[in-house]
Amino acid sequence: MAVYNITIIDLPFPLALYKKLLNKSKIDLDDMKSLSPSIYQSLRSLLNYKDDDLESALCYTFEIEREIFGTRRRIELKPGGSNIMVNQKNKQEFIDLYIDYIFNKSCDKQFQAFANGFRRVINSKPLELFYPDELMSFVVC
């Protein structure tokens, strides 16, 4: 509504939200920095880890632990993920699946509702003219 009424508001949504709204740019590791600097740092460290002992040193599997309504749950990032160790060959896949879960799968229902409401107020055709960072500047300015 703020965009429709040309009202300046402080909406601290991360750039990743605008990327998703416009579906023009792929969400990547850099987008994690604005959402969770600590997770970003952990994933960046994993990516930069060069030793061959990755499996035994970090003991990561293709699952993550999340708190959902006060309960800790383990979520497999792919089928059988709890039995697949992250190693040098598949660490990029792990990071990609982690980012996909956080930015897409874990919030798909909520995002779809937000996107539908946003598009009801703002026609999709003018949105096609924007890049994510431009739309963010337009909304927040």
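The structure we're discussing is the one just above.
The structure contained in this document is the topic of the report that follows. (Residues numbered from 1 in each chain as written. Predicted model: local features only at pLDDT ≥ 70, side-chain atom pairs only at ≥ 80, totals over all residues. Heavy atoms only, no water.)

This part is about the pairing of strand β1 (residues 63-68). Where β1 lies against strand β2 (residues 71-76), six bridges are found, and the strand directions are antiparallel. Bridged to Glu63 within β2 is Glu76. (Pairing = 2+ DSSP bridges. Helix = DSSP H or I, 4+ residues; strand = E, 2+ residues; numbered from the N terminus.)

Let's shift gears to the packing of helix α1 (residues 15-22) against helix α6 (residues 108-121). Their axes nearest at 11 Å, the elements α1 and α6 cross at an angle of 70°. It follows that α1 is roughly perpendicular to α6 by the angle criterion. Between α1 and α6 lies a crossing of right-handed hand. Here Leu17, Lys20, Leu21 and Leu22 of α1 come into contact with α6, specifically with Phe111, Phe114, Ala115, Phe118 and Arg119. (Axes fitted to C-alpha atoms, helices over the stretch in contact; angles between N-to-C directions. Parallel < 35°, antiparallel > 145°, perpendicular 65-115°, else oblique. Left-handed = near helix turned anticlockwise from the far one by under 90°. Contact = heavy atoms within 4.5 Å.)

Taken as a class, soluble globular proteins show a tendency for nonpolar side chains to be buried jointly. Leu29, Met32, Leu43, Phe94, Ile95, Tyr98 and Ile99 are the most contacted members of the largest nonpolar core, which has 21 residues in total. Put simply, the parts of the chain that give this core at least two residues each are α2 (29-35), α3 (37-48) and α5 (91-103). Broken down by element, this core gets its largest block of residues, seven residues, from α5. Contact partners of Ile95, with chain neighbours within four places excluded, come to Leu29, Leu43, Leu46 and Leu47. Among the nonpolar cores identified, the runner-up in size contains 10 residues, and Leu21, Leu22, Ala115 and Leu127 belong to it. (Core = buried A, V, L, I, M, F, W, Y, C linked by side-chain atoms within 4.5 Å. Buried < 20%, exposed > 50% of the residue type's maximum accessible area, 1.4 Å probe, protein only.)

This next bit is on the environment of Lys20. Within the element layout of this structure, Lys20 appears in helix α1. For the pair Lys20 and Pro132, spaced 112 residues apart in sequence, the C-alpha to C-alpha distance is 8.4 Å. If sequence neighbours within four positions are ignored, Lys20 has contacts with Ile27, Phe103, Asn104 and Phe111. Engagement of the side chain of Lys20 in a polar contact is seen with the side chain of Asn104, the distance being 2.8 Å. (Polar contact = N/O pair within 3.5 Å; in protein donor to acceptor, adjacent residues only side chain to side chain.)

With that out of the way, let us pick up the pattern of salt bridges. Here the structure, examined in full by the defined rule, presents eight salt bridges. Across the pair Arg44 and Asp30 runs a salt bridge whose closest N-O atoms are separated by 3.6 Å. With Arg44 in helix α3 and Asp30 in helix α2, this residue pair connects regions lying 14 residues apart in the sequence. Residue class for Arg44 comes out partly exposed when judged on its relative accessible area of 26%. Exposure remark for Asp30: the relative accessible area of 44% places this residue in the partly exposed category. A salt bridge links Arg72 to Glu65; the shortest N-O distance between them is 2.9 Å. A residue is classified by how much of its surface remains accessible, and Glu65, at 37% relative accessible area, is partly exposed. (Salt bridge = Lys/Arg side-chain N within 4 Å of Asp/Glu carboxyl O.)

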